[in-house]
Structure formats: C-alpha cells, structure tokens
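Summary of structural features
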Amino acid sequence: MNPKMLTLVTFVLLVVGLVAAGCLDYGEEPQKSDSGSNGSIIGPTTDPTAPPLAITPVIVYTLKEAHEKFGTDLPVPSYLPGGYSFSYALQHGEPDNRISLIYAKGEDELRITQVPVPGNPCPGQKTTGSVGVTIDGTNGTFTPGDGENMLRWSDSRYAYCLSGTQEMDEMVAIAASVDGSGRSA
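Notes on the structure in this doc start here. (Residues numbered from 1 in each chain as written. Predicted model: local features only at pLDDT ≥ 70, side-chain atom pairs only at ≥ 80, totals over all residues. Heavy atoms only, no water.)

The next point concerns the sheet that holds strand β9 (residues 138-143). Judged by pairing direction, the sheet is antiparallel, and its eight strands sit side by side in the order β3-β5-β6-β7-β11-β10-β9-β8 without closing on themselves. Two strands lie at the open edges of the sheet, namely β3 (58-60) and β8 (131-135), each paired on one side alone. Pairwise comparison of adjacent strand axes, ignoring direction, gives a mean angle of 20° for this sheet. Here β8 pairs with β9 via five bridges, running antiparallel. By the bridge assignment for β9, Val-131 is matched with Phe-142. Taken strand by strand, helix α2 (residues 63-70) contacts β3, β5 (85-93) and β6 (98-105), and its axis lies near 145° from that of β3. (Pairing = 2+ DSSP bridges. Helix = DSSP H or I, 4+ residues; strand = E, 2+ residues; numbered from the N terminus. Axes fitted to C-alpha atoms, helices over the stretch in contact; angles between N-to-C directions. Contact = heavy atoms within 4.5 Å.)

Following this line, the structure appears as structure tokens:
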C-alpha cells in the first residue's frame, strides 16, 4: 500500500476512534458533569483557558499558499537533491505550531519541520546512535534510521528537523541552505 495512503487511512481511523470514544467535541452542548467523591469534576471540560485541540493540520499545496497561511518565515531550502520538488506544507497548530514543508521525488519524501521553540525535539523520533554535525557553524545531530534519517538543529528562534533517506553530508547541505532560519552568519 502507498505510504501516503496508509498515513491517511491511519489518520481517518484515529479520528473515527476518538469520535466514537467521545474524545472529540464538534460543537455539541457539554453534558452536565458528575462530581466524584473527592469533589473533582468528571466529564467534558468547559474551561475557556484549556488549550485548543488541533487534530487536523492545515494543508496547502503551493509555497505561495504556505507563505500566505503560515507567514513568510518558512524553512525553505535553496538546495535540494536532484529530482525533488515541493509537494505540500502543513501546520500542526497548538500546542507547538509546527510547520512542515514536504518535498518529493516519486514516492520518496524529504520533510523539513520548523518548531518555534528552540530545543523542542522532533516528536516520535529516536536519538540513539546520533552523531554531532556542524551546519554553517551551528551544532546539530544526525541520527541514522531504518529507512529514514533525521537531522536536528536549532537557532535562537526555532528548532528544525530534516527527515528523509539522504545520507548525512547531503542532509547537512540541505539544512545549510534553509532560508529563514535566523542563524547568524
């Protein structure tokens, strides 16, 4: 099965499961909560200070749309390996407002993710076997993976994650070409 289709199917099953379990609220009136024996509230929260739940990322299919929706400070590389072109961008929303730009060459994807919290790690990725690298004078880490490698670095404004099948030197070259990173020259 196509990896993109598998991801979409997994996402749909997750949302259906959350709806069935009552974890997602689509504008229904909250039910009256019961009080537990210790005085705690059991049931859905109506606390206006609770952070919003962003299940569905915002997806756009051109860099122009990405700049319009997500702002101009995107992690756009000026160098890509041969055959790669922009495929789509997405913003995950709260709590970390991650923005990912995805470039593709056939079925192979290269993903650049920007998180506006320096030092915030890429979610769900292992760090075992990481080696230190330098990206235009900025320290980073390269982690080889089974089918996907990861390069991480940060600056004064953002943490970045670059994932793909490329080897370390190629990933460092891509990272060094990222525009809008705020790295000092």
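More follows now that the structure is in view.
Further remarks concern unusual backbone geometry. You will see that Asp-136, though not glycine, has its phi angle at about 50°, which is positive. Here Asp-136 lies in the loop between β8 and β9. According to the relative accessible area criterion, Asp-136 is exposed, its value standing at 52%. (Buried < 20%, exposed > 50% of the residue type's maximum accessible area, 1.4 Å probe, protein only.)

With respect to the helices, strands and loops of the structure, Arg-152 is situated in strand β10 (residues 149-154). Within the structure, the side chain of Arg-152 is placed 3.3 Å from the side chain of Thr-143, a separation counted as a polar contact. (Polar contact = N/O pair within 3.5 Å; in protein donor to acceptor, adjacent residues only side chain to side chain.)

Another aspect to go through is the pairing of β10. Burial within β10 is extensive, with five of its six residues counted as buried. Of the pairings in the sheet, the one linking β9 to β10 comprises four bridges and is antiparallel in character. If you follow Thr-143 over to β10, its bridge partner there is Met-150. Here β9 folds back onto β10, and the loop between the two strands holds five residues, one of which, Gly-147, carries a positive phi near 95°.

For a regular strand, the rule is simple: side chains alternate between the two faces of the sheet. Where burial is concerned, most of β6 is hidden: seven out of the eight residues are buried. Note: β5 against β6, seven bridges, orientation antiparallel. Within β6, the position partnered with Gln-91 by the bridge is Ile-99. The turn joining β5 and β6, which pair antiparallel and follow one another in sequence, is formed by four residues; a positive phi near 55° is taken by Asn-97. Taken together, the seven bridges between β6 and strand β7 (residues 108-115) define a ladder with antiparallel strand orientation. Looking across to β7, one finds that Lys-105 is bridged to Asp-108. Between β6 and β7, which pair antiparallel and follow one another directly, the connecting turn spans two residues, one of which, Gly-106, has a positive phi of 65°.

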